[in-house]
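Examination of the molecular architecture
Each chain is listed here by its residues.
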Amino acid sequence: MSSSTRVLWIAILASFVAFLDGTVVNVALPAIDRELGGGLATQQWVVDGYLITLGALMLVAGSISDAFGRGFVMKIGLVGFGIASVAITLAPDPLILVIARMVQGAAGAFLVPSSLALITSAFSGAAQAKAIGTWTALTTGAMVAGPLIGGALVDLASWRLAFLINVIPIAITLWLLRGVKDPPRHPDARIDLIGAVLCTVGLGAFVFGLIEQPRLGWAHPAIPLTLGVGGVLFALFLIRQRTARSPILPLDLFRVRNFWVGNIATTLIYAALSLNGFVLTIYLQEGAGLSATLAGLASLPMTILMILLSSRIGALAGRWGPRLFMTIGPVLMGIGSLLFLSVREDFSYWWQVLPGMIVFGLGLSIMVSPLTAAILGSIEPARSGIASAVNNAISRVAGLVSIAAVGTIVGGTLDLDGFYRAAVVVAGLMIVGGLVSLAGIRNPARAPSGAE
């Protein structure tokens, strides 16, 4: 196995762990609620507890990755993720479960940015875009394995066992990492711990207010207090990043056009993706009456399209530029979401859900690799770790905010009318994300024939 191939497989497997857990948890949410209780609020916190620490600490992990080495950071993430997964299987109540999920998110923050940084360091040009496409296609296998294995374990055994499947890819990745050597560490490397605390606590307070508002109401003093404190702390975090010696969010990255435009598109698109995955998986079980296994299988057509097309689309975007793909993909996903409005009380997967899944999956396949390549390709390789971390943090924070707002979006109850409202919001976010890409993304200059 060549060194570049080895790096690609390490990146794929490490990211697979984080993506696998994301798909497993959505399928397991109704079973978690039945066993531990807590209703929609607990389901939101099981997802968002993970995303809060994942999104906030991903920036710190990106800085550590660039300063101390990608392999070193990845090992920390893999070991921590495995320990947290075991703690989740032993959780006796919702509080312990959410705490374990937050620890798991903290560990997961060290995986995805380091994975993409390894790829951007080992590949360049069109080869880099193709490698990112391959990474996207194969890590999408987690989207197949998660719902299928997780759903089967939920139905036949326990939701707790669904989290133990992380152990296999973790063990394989740790074994492969033995052959990867990091560059010498920077002697003057520093980590902005104050910034990390401001970011994490600010996000946590803000998300707490969004999740608890439908239950407590706007008149409850905790809601405006937590939303206000969260907003102030996050604003202080941004101010600190302008003056910190070693910022975890280097604001100068946003001077690069494709980076800042791509991250605006990321915010809109990934907020919609997270909202769609959360609402659809829960409604198919609690509203349409499907088992966890069948709810997991429902997204299989979308996942198959991702596996078949992502690598090829990545290669095409490397030759033609990302703008067209980043425009068409989200618009198609918006159309796919609107097709979910055909769902009725008299439920039929084949006529009411499958068409939307196919269109949504086609759009997702067209969009994902070009979006990642456009953002990371606009930043020099030496800062690929923090660039990847910023983009991934933005996508995760967008997801946690959209899920935190689920209660408001669906009207407090995820019935059929709430499902419709969520589908319309998803469609609107997707289409606006495509239009932002059309207006703002610039294709890089094409290399002369034979230059590659």
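Our focus in this paragraph is the overall build of the chain. Regarding its fold elements, the chain presents 19 helices and zero strands. Per-residue burial over the chain gives 57% buried out of 452 residues. Sequence separation of at least 24 residues holds for 84% of the intrachain contacts in the chain that already meet a minimum separation of 6. Summed over its atoms, the accessible surface of the chain is roughly 17,600 Å², and 69% of this surface lies on carbon and sulfur atoms.

All right, on to the side chain of Thr89 then. By the secondary structure assignment, Thr89 is in helix H3 (residues 70–89). Here the side chain of Thr89 touches Val86 through a polar contact of 2.5 Å, landing on its backbone oxygen. If we skip the residues at most four places from it in the chain, Thr89 touches Arg160, Phe163 and Leu164.

Let us look at helix H19 (residues 416–440). Its 25 residues give H19 an end-to-end C-alpha distance of 36 Å, which sits within 8% of 36 Å, the value for a rise of 1.5 Å per residue. If you check which residues of H19 are buried, you get Leu416, Gly418, Phe419, Ala422, Ala423, Val426, Ala427, Met430, Gly433, Gly434, Ser437 and Gly440. Those residues of H19 that are buried are in contact with helix H11 (257–286), helix H14 (323–339), helix H16 (354–377) and helix H18 (406–410).

Closest axis-to-axis distance for the H11/H16 pair is 11 Å, and the angle between their directions is 150°. As summarised for this structure, H11 and H16 are arranged roughly antiparallel, according to the angle between their axes. The element H11 and its partner H16 pack so that their crossing is left-handed. For the pair formed by H11 and H16, the contact residues are Asn258, Phe259, Gly262, Asn263, Thr266, Ile269, Tyr270, Leu273, Asn276 and Leu280 on the first element and Met357, Phe360, Leu364, Met367, Val368, Leu371, Ala374 and Ile375 on the second. A class-by-class count of the residues in the contact of H11 with H16 yields 13 nonpolar, five polar and no charged.

The next subject is the pattern of salt bridges. Applying the stated rule across the entire model yields one salt bridge. Put simply, Arg160 and Glu35 hold a salt bridge, and the shortest N to O gap is 2.7 Å. On the criterion of sequence distance, the pair formed by Arg160 in the loop between helix H7 (141–156) and helix H8 (167–176) and Glu35 in helix H1 (residues 3–36) is long-range, its members being 125 residues apart. Owing to a relative accessible area of 16%, Arg160 belongs among the buried residues under this scheme. We classify Glu35 as partly exposed; its relative accessible area is 43%.

Moving on to the packing of aromatic side chains. In the structure shown here, the tally under the stated rule is seven aromatic pairs. Pairing Phe254 with Phe259 gives two aromatic rings, centres 5.2 Å apart and planes at 70°, and the pair type is edge-to-face. Judged by its relative accessible area of 0%, Phe259 falls in the buried class.

A separate point is the confidence of the model for the chain. In regions of low pLDDT, the predicted coordinates are not meant to be interpreted in detail. The pLDDT averaged across the chain works out to 83; a share of 90% of its residues lies at or above 70. When the criterion is pLDDT under 50, residues 447–452 qualifies, and its contacts beyond four places in sequence or with other chains add up to two contacts.

The subject of this paragraph is the nonpolar core. With 126 residues, the main nonpolar core has Ile119 and Trp159 as its most contacted residues. A per-element tally of this core places H1 first, with 16 residues. Leaving out residues up to four positions away in the same chain, Ile119 has contacts with Val7, Leu8, Ala11, Ala131, Ile132 and Trp135.

Right, let's talk about the environment of Phe254 for a bit. Position of Phe254 among the secondary structure elements: in the loop between helix H10 (222–243) and H11. When its relative accessible area of 28% is taken as the criterion, Phe254 is described as partly exposed. Considered as a pair, Phe254 and Ala387 are 133 residues apart in the sequence and their alpha carbons are 9.9 Å apart. In this structure Phe254 touches Leu249, Phe259, Trp260, Asn263, Val390 and Ile394, once residues within four positions along its chain are discounted.

Moving on, we get to the environment of Leu339. As for its placement among the helices and strands, Leu339 is situated in helix H14. Taking the relative accessible area as the measure of exposure, Leu339 reaches 33% and is therefore partly exposed. The spacing of Leu339 and Met357 is 18 residues in sequence and 8.7 Å in space, taken between C-alpha atoms. Look past the residues within four positions of Leu339 in its chain and what remains in contact with it is Gln352, Pro355, Gly356 and Val359.

Right, let's get into the side chain of Ser402. Relative to the helices and strands, Ser402 resides in helix H17 (residues 384–404). Not counting residues up to four positions away in its chain, the partners in contact with Ser402 are Ala271, Ser274, Leu275 and Ile409.

At a minimum axis separation of 7 Å, helix H13 (residues 300–320) and H16 run at an interaxial angle of 30°. Taken together, H13 and H16 sit at an angle that is classed as roughly parallel. Note that H13 runs across H16; the crossing there is right-handed. Note on element contacts: H16 touches H13 through Leu354, Met357, Ile358, Phe360, Gly361, Leu362, Leu364, Ser365, Ile366, Val368, Ser369 and Pro370, opposite Pro301, Met302, Leu305, Met306, Leu309, Ser310, Ile313, Gly314 and Ala317.

Here the focus is a nonpolar patch on the surface. Where nonpolar side chains cluster on the molecular surface, the patch consists of Val86, Leu90, Leu161, Leu164 and Val167 and spans about 410 Å² of accessible area. Along the polypeptide, Val167 turns up in helix H8. Note on Val167: relative accessible area 41%, which makes it partly exposed.

Taking 1.5 Å per residue, 30 residues should reach 44 Å; H11 reaches 43 Å between its end C-alpha atoms and fits that length. A large share of H11 lies buried, amounting to 23 of its 30 residues.

Cut-offs and rules
- Residues numbered from 1 in each chain as written.
- Predicted model: local features only at pLDDT ≥ 70, side-chain atom pairs only at ≥ 80, totals over all residues.
- Heavy atoms only, no water.
- Helix = DSSP H or I, 4+ residues; strand = E, 2+ residues; numbered from the N terminus.
- Buried < 20%, exposed > 50% of the residue type's maximum accessible area, 1.4 Å probe, protein only.
- Contact = heavy atoms within 4.5 Å.
- Areas by Shrake-Rupley, 256 points an atom, 1.4 Å probe, with all protein chains shown as cover.
- Polar contact = N/O pair within 3.5 Å; in protein donor to acceptor, adjacent residues only side chain to side chain.
- Expected span 1.5 Å × (residues − 1).
- Axes fitted to C-alpha atoms, helices over the stretch in contact; angles between N-to-C directions.
- Parallel < 35°, antiparallel > 145°, perpendicular 65-115°, else oblique.
- Left-handed = near helix turned anticlockwise from the far one by under 90°.
- Nonpolar A, V, L, I, M, F, W, Y, C, P; charged D, E, K, R; others polar.
- Salt bridge = Lys/Arg side-chain N within 4 Å of Asp/Glu carboxyl O.
- Phe/Tyr/Trp six-rings, centres within 6.5 Å; stacked < 30°, edge-to-face > 60°.
- pLDDT = per-residue confidence, 0-100.
- Core = buried A, V, L, I, M, F, W, Y, C linked by side-chain atoms within 4.5 Å.
- Patch = residues over 30% accessible without salt bridge, like charges linked within 9 Å, V, L, I, M, F, W, Y side chains within 5 Å.

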